[in-house]
Amino acid sequence: MEKGSDRFLVRFWGVRGSYPTSDMGTLHFGGHTSCVEVRAADQRLIFDAGTGIIPLGKQVLKERHSRRRFHIFFSHTHHDHLLGFYFFEPLLRPDTEAFVFGPYSPRKTMVTTLKTVMDSEFFPIELDEVKARIKIYSLKGGESIRLGGNFHGPRLAGRRVTRSAQDEVVVFAHKSLAHPKNGVLLYRIEHRGKSVVYATDIEERPGGYPEVIEFARGADLLIHDAQYLRSEYFSRTDPRRGWGHSTLERAAEVARKARVQRLLLFHHEPSHDDRTVGEMERLAQRLFPRSAAAYEGMKIALL
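Below, the structure is looked at part by part. (Residues numbered from 1 in each chain as written. Predicted model: local features only at pLDDT ≥ 70, side-chain atom pairs only at ≥ 80, totals over all residues. Heavy atoms only, no water.)

A few words now on the pattern of salt bridges. Counted according to the given criterion, the structure contains 15 salt bridges. Two residues, Arg68 and Asp95, come together in a salt bridge whose shortest N-O distance is 2.8 Å. Of this pair, Arg68 sits in the loop between α1 (53–62) and β4 (69–73) while Asp95 is found in the loop between α2 (79–82) and β5 (97–103), placing the two residues 27 residues apart along the sequence. Judged by its relative accessible area of 15%, Arg68 is buried. Here the salt bridges do not stand alone but share partners, grouping Glu37, Arg39, Arg44 and Glu63 into one network. (Salt bridge = Lys/Arg side-chain N within 4 Å of Asp/Glu carboxyl O. Helix = DSSP H or I, 4+ residues; strand = E, 2+ residues; numbered from the N terminus. Buried < 20%, exposed > 50% of the residue type's maximum accessible area, 1.4 Å probe, protein only.)

In structure tokens form, the structure reads like this:
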């Protein structure tokens with residue numbers, strides 16, 4: 001993408017939840033775990049570093065004249081969203097600059113978390129040994145992160161920005177407790193009047209969480225957790241209720257109440273093959289016609 005471009009492009013590199021899968025019929029939707037790339041203006045944003053970030057990194061190294069500067073946003077630090085980070089090859093290059101954002105915890109900062117998972121007992125390369133220039137931020141939720149414009153690096157503010165320059169990208173963070181233990185960060189990306197909301201690993205309650213609906217209000221694209229069939233979620237023998245993920249029905253309800261333009265089902269259950277995910281897509285379209293199931297390689301241009 002050329003510097004100063006007005007394009008706003010979303011690309012999916014990993015759409016699977018819980019763990020990657022390659023041993024079943026997932027040829028269309030894919031088996032990599034969560035990773036979504038957003039290109040806006042001359043900025044490159046990556047949401048979650050599941051195994052999908054590994055092929056993204058290989059693609060980056062093939063690109064000619066590409067500035068290796070990334071903004072990586074973690075929704076939370078469960079393994080399926082973190083597993084690909086230390087296999088992201090651009091981090092091994094000294095010409096790479098990475099700004100990493102993730103959830104604040106009173107027990108561990110984001111820096112401590114990444115150092116822990118890359119400790120020499122668990123991985124051969126420690127965080128301090130990577131050659132890229134990395135700056136790490138811990139977010140509590142409620143922040144706005146401004147990218148682009150006439151400044152180097154991101155600018156953080158503790159409140160929502162109501163207006164931004166035409167060449168800026170603004171990311172808003174919202175903390176939701178609708179995921180076990182430490183909750184999860186949702187992100188809203190805005191650029192030139194268009195918006196994308198990334199809301200994975202969220203277990204909506206009946207009727208949806210009002211603050212989540214408001215956070216997604218009027219978005220052009222809502223990427224929402226829809227891991228389970230209703231029959232799985234409410235199963236008498238093996239219920240998934242309380243596991244931190246939504247059904248397609250609840251994702252569609254949020255999309256309808258928030259009046260978004262388009263809904264993408266995300267964080268697919270790893271035991272679901274292409275046929276099952278395709279059926280979930282059709283069921284969602286009955287509830288919210290502008291629904292689709294995200295798949296690896298899917299691209300959506302907003303500008």
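Here we take up the sheet that holds strand β2 (residues 35–40). Spatial strand order, β6-β5-β4-β3-β2-β1-β15: seven strands in an open sheet with mixed pairing. For this open sheet the edge positions go to β6 (133–139) and β15 (299–301), each flanked by a neighbour on one side alone. Each adjacent strand pair in this sheet contributes to an overall mean axis angle of 20 degrees, direction not counted. Where β5 and β6 come together, seven bridges link them in parallel fashion. (Pairing = 2+ DSSP bridges. Axes fitted to C-alpha atoms, helices over the stretch in contact; angles between N-to-C directions.)

One non-glycine residue with positive phi stands out, namely Ser18, at about 75 degrees. In this structure, Ser18 sits in the loop between β1 (8–14) and β2. Assessed through its relative accessible area of 35%, Ser18 is described here as partly exposed. Unusually for a residue other than glycine, Arg259 sits at a positive phi of about 55 degrees. Within the secondary structure, Arg259 sits in the loop between α6 (248–258) and β13 (263–266). Judged by its relative accessible area of 66%, Arg259 is exposed.

Now for the nonpolar core. Generally speaking, nonpolar side chains in soluble globular proteins are found buried as a group. Ranked by internal contacts, the top residues of the largest apolar core, which has 34 residues, are Phe12, Leu45, Phe47, Tyr187, Ile189 and Ile223. When residues no more than four places from it in sequence are discounted, the contact partners of Phe12 are Cys35, Val36, Ile223, Leu264, Phe266, Ala294, Tyr295, Glu296, Gly297, Met298 and Ile300. Core analysis: the next-biggest nonpolar cluster, separate from the first, contains 31 residues, Ala178, Leu222, Ala226 and Met280 among them. (Core = buried A, V, L, I, M, F, W, Y, C linked by side-chain atoms within 4.5 Å. Contact = heavy atoms within 4.5 Å.)

By the criterion of burial, β1 is predominantly enclosed, with six of the seven residues buried. As judged from the six bridges shared by β1 and β2, these two strands associate in the antiparallel manner. Within the sheet, the bridge partner assigned to Val10 lies in β2 and is Val38. Where β1 and β15 come together, three bridges link them in antiparallel fashion.

With respect to the helices and strands, Arg241 occurs in the loop between α5 (230–233) and α6. A residue is classified by how much of its surface remains accessible, and Arg241, at 59% relative accessible area, is exposed. Not counting the four nearest positions on each side in its chain, Arg241 is found in contact with Glu203, Tyr233 and Phe234.

Under the 1.5 Å per step criterion, the end-to-end length of helix α7 (residues 274–287) is 20 Å for 14 residues, consistent within 8% with the ideal 20 Å. Among all positions of α7, only Val277, Gly278, Met280, Glu281 and Ala284 are buried. Seen from one end, α7 has its buried residues packed into an arc of 155 degrees, which puts them on one side. The exposed set on the far side of α7, more than 90 degrees from its buried face, consists of Arg275 and Arg286. Taken together, the buried residues of α7 touch α6, β13 and β14 (291–293). (Expected span 1.5 Å × (residues − 1). Arc of directions from axis to C-beta.)

Bear in mind that shape data such as this cannot, by itself, settle questions of function.
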